[in-house]
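Topology and contacts: notes
Each chain, letter by letter, is given below.
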Amino acid sequence: MMKNKKEIDQVINKFNGKNGALIPLLQEVQALESYLSKETMRYISEKTGIKIAQIYGVATFYTMFRLKPQGKHIIRVCQGTACHVSGANQILKEIRDELKLDGEEDTTKDGRFTLMEVACLGCCSLAPVIMVNDETHGKLTPEKIPNILKKYD
Amino acid sequence: MSFTIKVGLASCGLAAGAGDVYHSIEKYLKENKIKAELKKTACIGMCFAEPLVEFINEHNESITYGYVETEQIGDLIESYRNDKLSTENCILSNKIDGSENENLKNQKRIVLRNCGIIDPESIDDFLENGGYQALQKVLKEYKQEDVISVIKASGLRGRGGAGFPTGMKWDFAYKAQSDKKYIICNADEGDPGAFMDRSVLEGDPHNVIEGMIIGAYAIGADEGYIYCRAEYPLAIKHLKKAIQDATEKGFIGKNILETDFSFDLHIKEGAGAFVCGEETALMASIEGERGMPRIRPPFPAQSGLWGKPTNINNVETFANISWIINNGAEEYRKYGTEKSPGTKVFALAGKIKNSGLIEVPMGTPLRKVIYDVGGGMKTEKPFKGVQLGGPSGGCIPKELLDTVVDYDSINKTGAIMGSGGMVVMDESTCMVDVAHFFLDFTQKESCGKCTFCRIGTKRMLEILTRITEGKGKMEDLDTLEELAKNIIKGSLCGLGQTAPNPVLTTLRYFKEEYKAHILDHTCPAGVCTSLQKYEIDPEKCTGCTLCTKKCPVNAISGNVREPHVIDQEKCIKCGVCFDVCRFDAVKKS
């Protein structure tokens, strides 16, 4: 169910009829809903007249758009070159162990965290780096992970 | 005495804890009623020593301390006030010894001239440092053609990677006939290992904007976009503030500085797609489509955004413009080489001591960049190679360290200058793994339009995976080269055309390492996990049983207080036993 129908309507009205508005429109809707459900995309299509296939096409093309419900806190593990050569995989493994995420799972059962791997956060000089929500943590070792995660509940 | 304290609050500083340092200083000054001005700045490039705190007195004598922790704030301020200047952790100074004073002397800062010095959120700071003077000069004294001829004369080449002459690009867009033209700043810095554009946008956003306005005037555009990665929230914040302030001061908007020239500027946030760094894909993304490249010609200068003539330049290219206008093309040509004038910003990362941002004249040898400016290797392990140009670039071995940095010399090695990411690697880096890493990246980021790029990179990746698992064959190396050739030929945009570069350069310079993986089933650097072997040293094992308990596949057996053994058939090489052993008895080979 869409939780923020009124706000979504406002976003749609703000962008409606403007050139090239689909991506910022979806970005703002996602900011409200935390992800883009089929229902939400269908609703946007009805309201704007943009074909649902085009909306889905754009939503699946860009990695920032999420099609599943997300945890309360988003952990982005940097997989850039500098982080890779400085042991980003050990950091990733430690987070997975700490959050008890198996296999392909990316969201914890209690909905506290969603784990994502991202290309490069641009803080290469402090590699390896992770970003929790908007906060960047650098010069990491697996030992530092539990304490960082504790800060977010 | 009155003095100023500046704290570097760019992304790198914040990640190292500069936010807390700033608040501690603020609190300390207030509680102790100390009269000092506390200012925010961005990144001076010495990211390895963050958080950085600079003290400046009224005689402009400056001391910058690095590795500052909140606990030492009081001591640091008091010793400064009592003139007991400590040289410990002093990074830069024009008064006392700073560990990086020489490092800075080896640089020439044109693009980064204000970074880490001014407050990026203050337009007044920028104006005091000569900001928007180039724009005023251009609007008062220059015809459109004059601007283009200055830029042509300067020899400035596009800093996004390809190195196309900027003046010529502007000329194409200027000559295109249309009622509407656009100018775009490509700030979709997607290369992993590169953070030049982020630092420039965070540290000196007005400089980029001024370059864009001058460019817009030259080609006759009245609207512009900055396409910035959404992964750079601080850069976007500073840009938004800068555009707002510049609009209020009349540098953006209708009839700029009371001339007929009008210009509007917008920010478009990317949504996470590496291919959008390619200019035609970027324009598709601004139009709200999937970011897939288009066939050229027509080139953007004829038919770009919404079919109108469009000029796209990179952040660093725009950041050079105002300096060139203010100082002249001849002065600019004093730096760099005949064919690659000016300077280049590099992001140093990896196994290098001084990781961070530097700007050196083109033509500087790689050896000098790494050892004199970058301070050499971080650990005692010897230098093995340097990766230039991200996923489109290549690895340059130590035999070629005397290569100078300019577009043509770097291209000869098989790497490319790229946007300026420089990742230094030592003996603990496996080059097959590095090639695998980059190909994995481009394979995931391929938009899927061209068959060779979409499927070819996938096949190459499968072969590389096989090699890193010790299951490769010597014929695989020929297949890799053949696939690479076809992907280069059969791809529409730069992503596919350059995707094989990391594989080709490592094959060229580090073939022995590929052979070791294939023929001897070993990874000389000890990185490829499938090729690792864990064994227990019976001399050191005390039989504490800890590893037995932690092993996820029950591969370790043995009686209490007797040496244990790992069953190699069962072992999945996860390394848990190696990590948990308290007696250093588990050996990795």
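What you see is a predicted model, and the numbers here were worked out from it, not measured in a lab.

**Examining helix α10 (residues 205-219) of chain B**
Residue and element names in this part refer to chain B.
- Between its first and last C-alpha, α10 extends 21 Å over 15 residues, near the 21 Å set by a 1.5 Å rise per residue.
- Burial analysis of α10 places 15 of its 15 residues in the buried class, which makes it a mostly covered element.
- Where α10 terminates, the next one or two residues include G220, which has phi positive at roughly 90°.

**What about the domain arrangement of chain B?**
- When its domains are assigned, chain B resolves into domain 1 (3-103), domain 2 (123-332), domain 3 (343-426), domain 4 (431-520) and domain 5 (532-588).
- The gap between the C-alpha centroids of domain 1 of chain B and domain 5 of chain B is 48 Å.

**Re the side chain of B:Q443**
Residues and elements named next belong to chain B.
- Here Q443 shows up in helix α17 (residues 431-445).
- Overall, the relative accessible area of 17% leaves Q443 in the buried class.
- In this structure, Q443 is in contact with T457, K458 and L461, ignoring residues within four places of it in sequence.

**A look at the environment of B:D478**
All names here are of chain B.
- Following the sequence through the fold, D478 ends up in helix α19 (residues 474-490).
- For D478, a relative accessible area of 54% corresponds to the exposed category.
- Measuring from C-alpha to C-alpha, the distance between D478 and G272 comes to 34 Å, with 206 residues separating the pair along the chain.

**Here we look at the interface of chain B and chain A**
- Each partner contributes to the interface: chain B provides 51 residues, whereas chain A provides 36 residues.
- Carbon and sulfur atoms supply 60% of the area that chain B and chain A bury against each other, a total of about 3,200 Å² over both sides.
- Between the two partners, chain B and chain A, sit 16 residue pairs in polar contact (both at pLDDT 80 or more).
- Listing elements by their share of the side of chain B that touches chain A, those giving two or more residues are α1 (11-15), β8 (264-269), α12 (279-286), β10 (343-350), β14 (421-426) and α17 of chain B.
- Of the residues in the side of chain B that touches chain A, the class split is 28 nonpolar, 11 polar and 12 charged.

**Some thoughts on the packing of helix α1 (residues 5-15) of chain A against helix α3 (residues 38-48) of chain A**
Residues and elements named next belong to chain A.
- Taken N-terminus to C-terminus, the directions of α1 and α3 make an angle of 45°; their axes are 11 Å apart at the nearest point. When the interaxial angle is binned, α1 and α3 end up oblique. The handedness of the crossing between α1 and α3 is right-handed. Counting all contacts with α1, which are made through K5, I8, D9 and I12, the residues of α3 involved are T40, Y43, I44, K47 and T48.
- The residue inventory of the contact of α1 with α3, partitioned by class, reads four nonpolar, two polar and three charged.

**What about the pairing of strand β3 (residues 53-57) of chain B?**
Residue and element names in this part refer to chain B.
- Most of β3 sits out of view: five of its five residues are buried.
- Of the two faces of β3, the one carrying V53, F55 and N57 and the one carrying E54 and I56 are both buried.
- With five bridges connecting them, strand β1 (residues 3-8) and β3 associate as antiparallel partners. Among the inter-strand pairings, F3 is bridged to a residue of β3, identified as N57.
- Sheet analysis places β3 next to strand β4 (residues 62-65), joined by four bridges and oriented antiparallel. Residue pairing across strands places E54 opposite T64, the latter belonging to β4.
- Linking β3 back to β4 in an antiparallel pair, the connection comprises four residues, with N60 at a positive phi of about 65°.

**Looking at the sheet that holds β3(B)**
Residue and element names in this part refer to chain B.
- Strand order in the open sheet formed by five strands is β2-β1-β3-β4-β5, with mixed pairing between adjacent strands. Pairing within the sheet leaves two strands with one partner each, and these edge strands are β2 (36-41) and β5 (90-93). When the angles between neighbouring strand axes are averaged without regard to direction, this sheet yields 20°.
- Packed onto the sheet, helix α2 (residues 18-31) meets β1, β2 and β3 and runs at close to 165° relative to β2.
- Along the sheet, helix α3 (residues 73-81) makes contact with β1, β3 and β4, crossing β3 at roughly 20°.

**What about the packing of α17(B) against helix α22 (residues 511-519) of chain B?**
Residue and element names in this part refer to chain B.
- Look at α17 against α22: their axes get within 8 Å of each other, and the N-to-C directions meet at 95°. Comparing their axes, α22 and α17 come out roughly perpendicular. Across the interface between the two elements, M431, V432 and A435 of α17 pack against E513, Y514 and H517 of α22.
- Its residues placed into classes, the contact of α17 with α22 shows four nonpolar, one polar and one charged.

**As for the confidence of the model for chain B**
- Across chain B, pLDDT averages 94, with 100% of residues at or above 70.
- Reported for the predicted complex are a pTM of 0.92 and an ipTM of 0.89.

**Topic: the side chain of B:N320**
- Following the sequence through the fold, B:N320 ends up in helix α13 (residues 315-327).
- Apart from the residues lying within four places of it in its own chain, the contact partners of B:N320 are B:I110, B:V111, B:L156, B:R159, B:Y332 and B:T343.

**Points about the pattern of salt bridges**
- By the definition in use, this model includes 37 salt bridges over all chains.
- In this structure, the salt-bridge partner of A:K93 is A:D97, at a minimum N-O distance of 3.8 Å. You can see A:K93 and its partner A:D97 sitting in helix α6 (residues 88-99), four residues apart, about one turn around the helix.
- Overlapping salt bridges, with partners in common, bring together B:K169, B:E278, B:E279 and B:R296 in one network.

**A few points about unusual backbone geometry**
All names here are of chain B.
- In this structure, P297 follows R296 across a cis peptide bond, with omega equal to -5°.
- Its place among the elements puts P297 in the loop between α12 and β9 (310-314).
- Residue P298 is reached from P297 by a cis peptide bond, and omega for that bond is 5°.
- Positionally, P298 belongs in the loop between α12 and β9.

**Things to note about helix α8 (residues 166-175) of chain B**
All names here are of chain B.
- Among the residues of α8, those classed as buried are T166, G167, W170, D171 and A173. Down the axis of α8, the buried set is contained in an arc of 165°. They therefore lie on one face.
- Structurally, α8 contributes buried residues whose contacts are with α7 (144-154), α10, β9 and α13.

So, how was this worked out
- Residues numbered from 1 in each chain as written.
- Chains lettered and ligands numbered in written order.
- Predicted model: local features only at pLDDT ≥ 70, side-chain atom pairs only at ≥ 80, totals over all residues.
- Heavy atoms only, no water.
- Helix = DSSP H or I, 4+ residues; strand = E, 2+ residues; numbered from the N terminus.
- Expected span 1.5 Å × (residues − 1).
- Buried < 20%, exposed > 50% of the residue type's maximum accessible area, 1.4 Å probe, protein only.
- Domains from an automatic or database assignment.
- Contact = heavy atoms within 4.5 Å.
- Buried area = accessible area lost by both parts, 1.4 Å probe.
- Polar contact = N/O pair within 3.5 Å; in protein donor to acceptor, adjacent residues only side chain to side chain.
- Nonpolar A, V, L, I, M, F, W, Y, C, P; charged D, E, K, R; others polar.
- Axes fitted to C-alpha atoms, helices over the stretch in contact; angles between N-to-C directions.
- Parallel < 35°, antiparallel > 145°, perpendicular 65-115°, else oblique.
- Left-handed = near helix turned anticlockwise from the far one by under 90°.
- Pairing = 2+ DSSP bridges.
- pLDDT = per-residue confidence, 0-100.
- Salt bridge = Lys/Arg side-chain N within 4 Å of Asp/Glu carboxyl O.
- Arc of directions from axis to C-beta.

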